[in-house]
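Read off the chains here:
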Amino acid sequence: GPVLEPDRHYTLRISGAWPTVSGPPLGKDVEKPFRTGPRFTGQLDSAAWKLTVPTAGSREPLEIRFPQSLDHALLLRCLRVVDAGSTSISGKMQTAEGERLWRFTPEDAWTAGDHRVLVEAVLEDVAGNSLTRPFEVDLRSAPPKMAAPVIAIPFSPTRARN
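A few points on the structure. Just so you know, these numbers come straight off a predicted model, no measurement behind them.

This paragraph deals with the nonpolar core. Counting 22 residues, the largest nonpolar core has Trp49, Leu79, Trp102, Val117 and Leu123 as the members making the most contacts within it. Only strand 4 (62-65), helix 1 (72-78), strand 5 (79-83), strand 7 (101-106), strand 8 (115-120) and strand 9 (150-155) provide two or more residues apiece to this core. Residues within four places of valine 117 in sequence aside, it is in contact with Leu62, Ile64, Leu79, Arg80, Val81, Ile151, Ala152, Ile153 and Phe155.

What characterises a pair of aromatic rings is the spacing of the ring centres plus the angle enclosed by the ring planes. Under the counting rule described, the total for this entry stands at five aromatic pairs. Here the aromatic rings of tyrosine 10 and phenylalanine 34 are separated by 5.9 Å at their centres, their planes lie at 25°, and the arrangement is stacked. With tyrosine 10 in strand 1 (residues 9-14) and phenylalanine 34 in strand 2 (residues 30-35), this residue pair connects regions lying 24 residues apart in the sequence. With relative accessibility at 22%, the residue tyrosine 10 sits in the partly exposed group. Their ring planes at 85° and their centres at 5.7 Å tell us that tryptophan 110 and phenylalanine 155 sit as a pair that is edge-to-face. Placement of the pair is tryptophan 110 in the loop between strand 7 and strand 8 and phenylalanine 155 in strand 9, with a sequence separation of 45 residues. Here tryptophan 110 matches phenylalanine 155 in class, with each residue buried.

Sheet architecture is open: four strands sit in the order 3-4-7-6, paired in antiparallel fashion. Both edges of this open sheet fall to strand 3 (50-52) and strand 6 (91-96), since each of them pairs with a single strand only. The average angle at which neighbouring strand axes cross in this sheet is 15°, direction not considered. As paired elements, strand 4 and strand 7 share four bridges and run antiparallel to each other. What sits directly across from glutamate 63, in strand 7, is arginine 103.

Right, let's get into the environment of arginine 159. Structurally, the position occupied by arginine 159 is in the segment after strand 9. We classify arginine 159 as exposed; its relative accessible area is 66%. Expressed as a C-alpha distance, the spacing of arginine 159 and proline 134, which sit 25 residues apart in the sequence, is 39 Å. Apart from the residues lying within four places of it in its own chain, the contact partners of arginine 159 are Thr55 and Ala112.

Thresholds applied
Residues numbered from 1 in each chain as written. Predicted model: local features only at pLDDT ≥ 70, side-chain atom pairs only at ≥ 80, totals over all residues. Heavy atoms only, no water. Core = buried A, V, L, I, M, F, W, Y, C linked by side-chain atoms within 4.5 Å. Buried < 20%, exposed > 50% of the residue type's maximum accessible area, 1.4 Å probe, protein only. Helix = DSSP H or I, 4+ residues; strand = E, 2+ residues; numbered from the N terminus. Contact = heavy atoms within 4.5 Å. Phe/Tyr/Trp six-rings, centres within 6.5 Å; stacked < 30°, edge-to-face > 60°. Pairing = 2+ DSSP bridges. Axes fitted to C-alpha atoms, helices over the stretch in contact; angles between N-to-C directions.

Now the structure itself:
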């Protein structure tokens, strides 16, 4: 079963005698207190994500809100924005709100028309659940939903209203 229980306080202790990557010990003990939240055991579902679509002609950010925290490094590596011709759009990616928000601000103003966010299906939440499978699989239940290696989320920057 799970090592940590939901809604409990724990402290991670790392001994100062623990060797660094280059060999010498860390030197002093380090402690990190934390509290566990509810268990996440389901496969990620991109249909549950909420997009905030920018205005065409602006440099407003495109935002995606997730129902749970996702892996920070994977959020910055596994998502990219392309135009209708599948050309990558240059810009700056950020995460916020405990990795429950991904924000993309383009270098140039948004053009009107079809765009997509391409998401590599290896993207995971902090519990290891991905778009391709939950971290823990109960072999007695239904198999995980099939997911393509890259999932496309369409959006179209809106035209400004006069």
